[in-house]
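Coordinate analysis (summary)
Chain by chain, the residues run as shown.
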Number of protein chains: 2
Amino acid sequence: MAEASLDELIEALRRLPGVGQKSAQRMAYHLLQNDRAGAGRLALALQQALARMQHCERCHTFTEHRICATCQDAARDARQLCVVEAPADQAALERSGGYRGLYFVLMGRLSPLDGVGIDDIGARQLIERACDGVVSEVILATGFSAEGEATAHALGEALRSRGLKVTRLARGVPAGSELEYVDLSTIAHALVDRR
Amino acid sequence: MAEASLDELIEALRRLPGVGQKSAQRMAYHLLQNDRAGAGRLALALQQALARMQHCERCHTFTEHRICATCQDAARDARQLCVVEAPADQAALERSGGYRGLYFVLMGRLSPLDGVGIDDIGARQLIERACDGVVSEVILATGFSAEGEATAHALGEALRSRGLKVTRLARGVPAGSELEYVDLSTIAHALVDRR
């Protein structure tokens, strides 16, 4: 049953995050047997995204344009700059409806063990961006994992040393939670940050 | 953040079996950010598989050739024909090492609720194939789900009425199982089929 193009398709699907050998096989058979139109559409979508998507020159998120729609939006508050790890985090903040400023997307986070240093997440570009004379507050909204915290710490130091006001998203009890089921470290932080 | 080619890529990835909105997003960002080579490879693999893979004229499995390698293998016993639902089932039987005959791959199973009838799973082609004068035994190896059983029943009737010897994979206790943890219906079947 060695069929080169089937094996190659399964191998290529395996490289997707979260897809193992069995899933890749199932996907390949499904596409060939039940959804040839979907397979063609996916091939085209991949090629078009590769050809068209680039990084916004101002905030580094993915965009088809030189400057993304958010950065071009004159209705947004250019005095606030929110730093996130990834476009998905930006999308989550947008959905919350609580933020009307601009963004800077690191496209990663510090991870010394994987060889990701401060220059690999665009710290220099962030500092340049934040020192445009308009930004008055940088909100660090990297994750609250160890790596996200380290990233926030390193960026915060660098930005404060340039005289910028730097804030961090509040830690605390998630909305709708029963205290009984919230982990102890979250409760401890919520106590320290009480207002 | 409306970016047509990114949205289209996420939509196309969502059509893969087992992939929801969040996974599709994660895959799209991963490909664009960390694995552009993998994205290009996947696009090419999809196109090549679509262009090259077809159904074997004898057993209906996927192959790049008119007749697949298994059907062409003169060392296999052409008197036995094993009927499976899908190429993955054929691969499992091959791995077991217990079968040296030929195959017929239904590429589906009876599913009246989904409008899949006996003609949609190639019953006519199977009967033609089994009546080649060489096949002396048809082994029904469809699954032991309700649909797999119904498929085996319908095909078994049709094949027996042409005077062919028809057998079914044995049901019983899986190798390595403790009886204590085997479900009751399996034990009941293992009792009936005791030898």
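Structure: see above.
I will try to describe carefully the structure that is included in this document. Please read these numbers as outputs of a predicted model, since none were measured by experiment.

**With respect to the side chain of glutamate 85 of chain B**
Residues and elements named next belong to chain B.
- Within the secondary structure layout, glutamate 85 lies in the loop between β3 (77-84) and α5 (87-96).
- Residue classification places glutamate 85 among the buried positions, given a relative accessible area of 9%.
- From its side chain, glutamate 85 meets the backbone nitrogen of glycine 143 in a polar contact 2.8 Å long.
- Setting aside residues no more than four positions away along its own chain, glutamate 85 makes contact with Val105, Leu106, Met107, Gly108, Arg109, Thr142, Gly143 and Gly148.

**Quick word on the interface of chain B and chain A**
- Listed per partner, the contact involves 50 residues of chain B and 50 residues of chain A.
- Overall, the association of chain B and chain A removes approximately 5100 Å² of surface from exposure, summing both partners, and the carbon and sulfur fraction of that is 63%.
- Linking chain B to chain A there are 4 salt bridges.
- A salt bridge links glutamate 8 of chain A to arginine 41 of chain B, with the nearest nitrogen and oxygen atoms 2.8 Å apart.
- Our count for the contact surface shared by chain B and chain A stands at 19 residue pairs in polar contact (both at pLDDT 80 or more).

**Here we look at unusual backbone geometry**
Residues and elements named next belong to chain A.
- The phi angle at histidine 60 is positive, at roughly 75°, despite the residue not being glycine.
- Within the chain, methionine 107 stands out as a residue other than glycine whose phi angle is a positive 60°.
- Structurally, methionine 107 can be placed in the loop between β4 (101-105) and α6 (123-130).

**Some thoughts on the sheet that holds strand β5 (residues 137-140) of chain A**
Residue and element names in this part refer to chain A.
- The strand order β4-β3-β5-β6 describes an open sheet built from 4 strands, whose pairing is parallel. Edge positions in the open sheet fall to β4 and β6 (165-168), since each of these has one partner strand only. Each neighbouring strand pair of the sheet contributes to a mean axis angle of 25°, computed without reference to strand direction.
- Judged from the 4 bridges that link them, strand β3 (residues 77-84) and β5 form a sheet pairing that is parallel. In the sheet register, cysteine 82 faces β5, and the bridge partner there is isoleucine 139.

About the cut-offs
Residues numbered from 1 in each chain as written. Chains lettered and ligands numbered in written order. Predicted model: local features only at pLDDT ≥ 70, side-chain atom pairs only at ≥ 80, totals over all residues. Heavy atoms only, no water. Helix = DSSP H or I, 4+ residues; strand = E, 2+ residues; numbered from the N terminus. Buried < 20%, exposed > 50% of the residue type's maximum accessible area, 1.4 Å probe, protein only. Polar contact = N/O pair within 3.5 Å; in protein donor to acceptor, adjacent residues only side chain to side chain. Contact = heavy atoms within 4.5 Å. Buried area = accessible area lost by both parts, 1.4 Å probe. Salt bridge = Lys/Arg side-chain N within 4 Å of Asp/Glu carboxyl O. Pairing = 2+ DSSP bridges. Axes fitted to C-alpha atoms, helices over the stretch in contact; angles between N-to-C directions.

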